[in-house]
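# A look at the structure
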Amino acid sequence: MFKINNFFGKRREGGIFAVCAVLIGCVILFGCAGSAKPASSGPSLADSRAAAYEAIDAMNSGGRNAPAAAAKTAPAAGIPAAANAPAAGASGSRAQPGWVSSPYSVYDQDAYVAAVGYGENRTAAERSALVSLTAVFGQSVQAEISTITNYSEAVNNGSINVSENNAVREAIKTSSEMDSLIGVEIADVWQNGADRSWSAVAVLEKQKSAVLYADLIRGNQRLINEITNIPDADKNSLEAFSRYRLAATVADTNKLYANLLSVLGSTPSGLGPSEIKGGNDYRLEAAKLARNIPIAVKVEGDRQNRIGNAFAVALGRIGFKSGGTNNRYVLNAALSLDSANLPGNQHQFCRYNIDAYLTDTVNNSKLSPYNISGREGHTVMSEAEVRAVNSASKKIDAEFEQVFDNFFSTNLLR
């Protein structure tokens, strides 16, 4: 259930009584829709909403048609109908929905996890709502949202295929675009006509999400088994290293989904947080492999070997040996230093550029490209060059390890 990609060389929108009667009718309609089971017949959700708003229009025009319009309404399945009502436009004429002050006054707490967010514009309010909903699950889940981001990246770039079900893939894609948990939806938004501020409510349907998470965990477990099924002859390779790093990313995601299942109160046998392996188990295996994979470092134009040393240190922190001349894997890089003087500036400037990539000498394949550039100045060009090289070395020290790790954690090589 996974797809192997070749990455070599290749590489997220009338009277007061009539008025009260219509509004109460709409509230009852929306409330019923939130708790109703899916119906096999009757008006659709769109029909129900249309009828409600026809009633309000009739009220605004004198109330003559309000009773007839209200009579056409019926409970609808899924998220409460009130949650899907259109947001107010510039006029802000829509009354404040109940969820603005209390989300569970609209969304049954037994069936949903809901949270409200606020902001000066719609986008800010929606983002605030997503953050607030994630916080419901606790700080540990908030801290691990990046796990889903890495996992979603691997799914979206085709490195792994989690399911034949397009709905599952779309749910993952949506969560990635929203930087949120899978299954979360922005169910409704509302603009305050007085101060023009926005409110949004994020909703996660418990039963639906529990089924989705359980299916994903099972599929990911099968995927991990396939990814880590590597013949002994191929173990000491960057492909094997990449497989275990990708397995770690998937396992991290499974741990998070298992934690969410336990919070949702629906954990099938064998899928509990303590029953499945976490990502660190596979990272340890990857680290063992790395110790047996030497990588030579060659940098053109590096007169004092400052850049080469920076790369070697970064690779060492990941766990690889560096050095040697006949290694299968070589980190090739080229350093260029060019004058970049600015008109009217008394300082001399030196621009540096470094292009690097790993090479598998067995098949002459290039992977994990890396490029940095920058500029440093001094009153003397030779000193500007020294500063440029120092700046490049510090940049490699600060970021290369993470760039390298990210590549091998989300891409499955062959």
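Before reading on, note that the structure itself is shown above.
This is a predicted model, so every value here is computed, not measured.

Under the counting rule described, the total for this entry stands at 14 salt bridges. Residues K208 and E185 are paired through a salt bridge, measuring 3.8 Å at the closest nitrogen-oxygen approach. On the criterion of sequence distance, the pair formed by K208 in helix α8 (residues 206-227) and E185 in strand β2 (residues 184-191) is long-range, its members being 23 residues apart. The salt bridge partner of R218 is D215, with a shortest N-O separation of 3.5 Å. Note that R218 and D215 are positioned in helix α8 at a spacing of 3 residues, about one turn of the helix. The class of R218 is partly exposed, set by a relative accessible area of 34%.

By the criterion of burial, strand β3 (residues 198-205) is predominantly enclosed, with 7 of the 8 residues buried. Two strands pair when backbone bridges link them, and strand β1 (residues 112-119) and β3 are joined in this way by 8 bridges, in the antiparallel orientation. Opposite A115, over in β3, you have A202 as the bridge partner. As defined by bridge partners, β2 adjoins β3 across 7 bridges and the pair is classed as antiparallel. In the strand pairing of β3, I186 is matched with A202. Here β2 folds back onto β3, and the loop between the two strands holds 6 residues, one of which, R196, carries a positive phi near 65°.

Okay, the packing of aromatic side chains next. The full count for this structure, using the stated rule, is 11 aromatic pairs. For the ring pair Y107 and Y112, a centre distance of 5.8 Å and an interplane angle of 75° mean the geometry is edge-to-face. In this structure, Y107 and Y112 share a single accessibility class: buried. Measuring from centroid to centroid gives 5.1 Å for Y370 and F400, while their planes differ by 75°, and the two rings are edge-to-face. With a gap of 30 residues between them, Y370 in strand β8 (residues 365-378) and F400 in helix α12 (residues 381-410) connect regions that are remote in the sequence.

With 30 residues, α12 ought to run about 44 Å at 1.5 Å a step, and its terminal C-alpha atoms sit 42 Å apart, in line with that. The largest bend along α12 measures about 45° and falls at E399.

The rules behind each value
Residues numbered from 1 in each chain as written. Predicted model: local features only at pLDDT ≥ 70, side-chain atom pairs only at ≥ 80, totals over all residues. Heavy atoms only, no water. Salt bridge = Lys/Arg side-chain N within 4 Å of Asp/Glu carboxyl O. Helix = DSSP H or I, 4+ residues; strand = E, 2+ residues; numbered from the N terminus. Buried < 20%, exposed > 50% of the residue type's maximum accessible area, 1.4 Å probe, protein only. Pairing = 2+ DSSP bridges. Phe/Tyr/Trp six-rings, centres within 6.5 Å; stacked < 30°, edge-to-face > 60°. Expected span 1.5 Å × (residues − 1). Bend = angle between axes of the 7 residues up to and from the residue.

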